[in-house]
Amino acid sequence: MNISETEIISKVKTAFLSPDYFSRGAEESALNLLGRMILTDEGGKLSGGIIVETEAYGGFDDPGSHAYSGITPRNSVMLGPPGTVYVYLCYGASNMLNIVTGRKGRPEAVLLRALQPAAGIEAMTARRGGCREQLLAKGPGRLAQALGITRAMNGLPMGSCGIMISRSRFLRQPVSRTGRIGIKKGEGLPLRFIFDGNKYVSKG
DNA sequence: TGGCAGATTTTA
DNA sequence: AAAATCTGCCAA
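Scoring rules and cut-offs
- Residues numbered from 1 in each chain as written.
- Chains lettered and ligands numbered in written order.
- Predicted model: local features only at pLDDT ≥ 70, side-chain atom pairs only at ≥ 80, totals over all residues.
- Heavy atoms only, no water.
- Near = heavy atom within 4 Å.
- Polar contact = N/O pair within 3.5 Å; in protein donor to acceptor, adjacent residues only side chain to side chain.
- Nonpolar A, V, L, I, M, F, W, Y, C, P; charged D, E, K, R; others polar.
- Salt bridge = Lys/Arg side-chain N within 4 Å of Asp/Glu carboxyl O.
- Helix = DSSP H or I, 4+ residues; strand = E, 2+ residues; numbered from the N terminus.
- Buried < 20%, exposed > 50% of the residue type's maximum accessible area, 1.4 Å probe, protein only.
- Lys, Arg positive; Asp, Glu negative; His and termini not counted.

(A) Region of the structure containing the protein's contact with DNA strand B. Inspection of the region around DNA strand B gives S69, T72, P73, R74, L89, Y91, G92, A93 and R151 as its neighbouring residues. Of what DNA strand B places within 4 Å of the protein, 67% of the atoms are sugar or phosphate. Y91 places a polar main-chain atom, nitrogen or oxygen, 3.4 Å from a base nitrogen of DNA strand B. G92 places a main-chain nitrogen or oxygen 2.8 Å from a sugar or linking oxygen of DNA strand B. Taken together, the residues that form the surface near DNA strand B break down as four nonpolar, three polar and two charged.

Have a look at this one:
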């Protein structure tokens, strides 16, 4: 039942999501991203994994959103067209990878929080400084590091920085909707989506 | 194994 | 000063 790395890559290359897929807003996109494969391009070599944990951040009325207190130079990227990449530095050490999902004028994005590694595991392990597979992309900071995400990608369309997300789902598991974690304001809001029981999901 | 300091940028 | 985090060091 195991699909080979070559098959994964060719499958994603032939059918990946176009930016307008993300015009449906953060909450629905966050849910719909579960099970899809995300790959990044590092010198022609693709690596990545299956998305198993996401969080939705939406609008001026979401206390947990960067855009809650209005538009600033940093969060203005969230106003960009759907499919824009929003990368920012968190706590001075970790990059966070988000996909902008808002319709015009709505600052919405989905934070990618965890992957089940599936392709280019050697490359990801090297970027992570050598760690076991279970911890490769478990948590948003680790995920971004494993994929080689840098802040140079901030504000670019997904396609321009070598990010592809598959049209098909590579894994189907029961989904749980939980409160977001790791934030102070708006923590209780049930906008976090996980594959229930998947061992690559972060705890918080 | 569990708690804590530290990295560093943006914002209030 | 605090935040959408992770790592390494320390103590038992």
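Now, onward.
(B) Expanded view of the pattern of salt bridges. Evaluation of the coordinates by the stated rule reveals eight salt bridges. For R177, the salt bridge is made with E27, and the minimal N-O distance between the two is 2.4 Å. With R177 in strand β7 (residues 175-178) and E27 in helix α2 (residues 26-33), the pair connects residues that are 150 residues apart, well separated along the chain. Classification of R177 as partly exposed rests on a relative accessible area of 44%. Across the pair E42 and R127 runs a salt bridge, and its minimum N-O distance is 3.9 Å. On the criterion of sequence distance, the pair formed by E42 in strand β1 (residues 36-42) and R127 in helix α3 (residues 121-127) is long-range, its members being 85 residues apart. On the basis of relative accessible area, E42 is assigned to the partly exposed category, the value being 42%. Residue classification places R127 among the buried positions, given a relative accessible area of 18%. Residues joined in a network through salt bridges with shared partners are E53, E55, R113 and R192.

(C) Inspection of the protein's contact with DNA strand C at higher detail. Close to DNA strand C lie 21 residues, the nearest being Y88, R128, R142, G182 and I183. Each atom of DNA strand C within 4 Å of the protein was assigned to sugar, phosphate or base; sugar and phosphate come to 61%. Here R142 contributes a side-chain N or O atom positioned 2.7 Å from a phosphate oxygen of DNA strand C. Here a phosphate oxygen of DNA strand C and a backbone polar atom of G182 are 2.3 Å apart. Going through the elements one at a time, β3 (85-90), β4 (94-100), β5 (108-119) and α4 (140-147) are the ones with two or more residues in the surface near DNA strand C. The class makeup of the residues in the surface near DNA strand C is nine nonpolar, seven polar and five charged.

(D) How the structure looks around the side chain of K138. Positionally, K138 belongs in the loop between α3 and α4. It is E53 that comes nearest to the buried, bridge-free K138 among opposite-charge side chains, at 7.8 Å. Separated by 3.1 Å, the side chain of K138 and the backbone oxygen of K199 make a polar contact. There is a polar contact of 3.3 Å between the side chain of K138 and the backbone oxygen of V201.

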